[in-house]
Amino acid sequence: LLAQPESEVGDDMLASLVQYYRVCGSESGLPVDADTERGVSYATLFKCLVYAGAAAHFLDRFGGEHHLQRFHYYLNRCQTVIGRWPALRPLGAVLGPKFRAARSAAAKSRTR
């Protein structure tokens, strides 16, 4: 839900959903701590990386504006999550050039 373009979750909604996850987890007997927001963000990052890869695959295979838009959306979400958490900034330094190269390649594949 947090990583879907259709939901377009902002910071306020993110905080509400994280709180909801805490309540549900606690009521289910799961250990819940203050790191829930970070865990949700890290899971969002992982999902967006995977989905960006899938969008790139479909863009390469079938082309189309839809796949290009999804690809950019997921890369943007990755950059947002990385920017929010200082511990992820070294990962951002590694992924930043790769994201730029991927965006450049996607733009070229669009013009094929």
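Criteria and thresholds
- Residues numbered from 1 in each chain as written.
- Predicted model: local features only at pLDDT ≥ 70, side-chain atom pairs only at ≥ 80, totals over all residues.
- Heavy atoms only, no water.
- Phe/Tyr/Trp six-rings, centres within 6.5 Å; stacked < 30°, edge-to-face > 60°.
- Helix = DSSP H or I, 4+ residues; strand = E, 2+ residues; numbered from the N terminus.
- Buried < 20%, exposed > 50% of the residue type's maximum accessible area, 1.4 Å probe, protein only.
- Core = buried A, V, L, I, M, F, W, Y, C linked by side-chain atoms within 4.5 Å.
- Contact = heavy atoms within 4.5 Å.
- pLDDT = per-residue confidence, 0-100.
- Expected span 1.5 Å × (residues − 1).
- Salt bridge = Lys/Arg side-chain N within 4 Å of Asp/Glu carboxyl O.

Here we come to the packing of aromatic side chains. By the definition in use, this model includes four aromatic pairs. Ring centres of Y51 and Y74 lie 5.3 Å apart, and the angle between their planes is 80 degrees; on these two criteria the pair is classed as edge-to-face. Here Y74 lies in helix 3 (residues 65-84) and Y51 lies in helix 2 (residues 36-62), a separation of 23 residues in the sequence. Residue Y74 is classed as buried on the basis of its relative accessible area of 3%. With centroids separated by 5.3 Å and ring planes inclined at 80 degrees, the aromatic side chains of Y73 and Y74 adopt a geometry described as edge-to-face. Grouping residues by exposure puts Y73 and Y74 together as buried.

Here we take up the nonpolar core. Within soluble globular proteins, side chains that are nonpolar tend to cluster in buried spots. Formed by 18 residues in total, the largest nonpolar core has its most connected members in L45, F71 and L88. Breaking this core down by element, the ones donating at least two residues are helix 2, helix 3 and helix 4 (89-110). Residue contributions to this core peak at eight residues, all from helix 3. Beyond its immediate sequence surroundings of up to four residues, L45 is in contact with C78, V81, I82, L88 and L91.

The next thing to look at is the confidence of the model for the protein chain. Mean pLDDT over the protein chain stands at 85; residues scoring 70 or higher make up 92%. When mean pLDDT is taken per element in the protein chain, helix 3 scores highest with 91 and helix 1 (residues 11-27) scores lowest with 84.

On to the environment of F58, then. One can find F58 in helix 2. Accessibility expressed as a relative area gives 37% for F58, which makes it partly exposed. Sequence-wise, F58 and F71 are 13 residues apart; in three dimensions their C-alpha atoms are separated by 9.4 Å. When residues no more than four places from it in sequence are discounted, the contact partners of F58 are G63 and H67.

What follows concerns helix 3. For helix 3, which comprises 20 residues, the first-to-last C-alpha distance of 29 Å matches the rise-based estimate of 28 Å (1.5 Å per residue) to within 8%. Among the residues making up helix 3, those that are buried are L68, F71, Y73, Y74, L75, R77, C78, V81 and I82.

For helix 2, which comprises 27 residues, the first-to-last C-alpha distance of 38 Å matches the rise-based estimate of 39 Å (1.5 Å per residue) to within 8%. Turning to helix 2, its buried residues are T36, V40, S41, T44, L45, C48, A52, A55 and L59. Once helix 2 finishes, G63 follows within two positions and takes phi at roughly 70 degrees, a positive value.

The next subject is the pattern of salt bridges. One pass over the full model with this rule turns up one salt bridge. Between D35 and R38 there is a salt bridge, with its nearest N and O atoms 3.0 Å apart. Residue classification places D35 among the partly exposed residues on the basis of a relative accessible area of 41%. We classify R38 as partly exposed; its relative accessible area is 32%.

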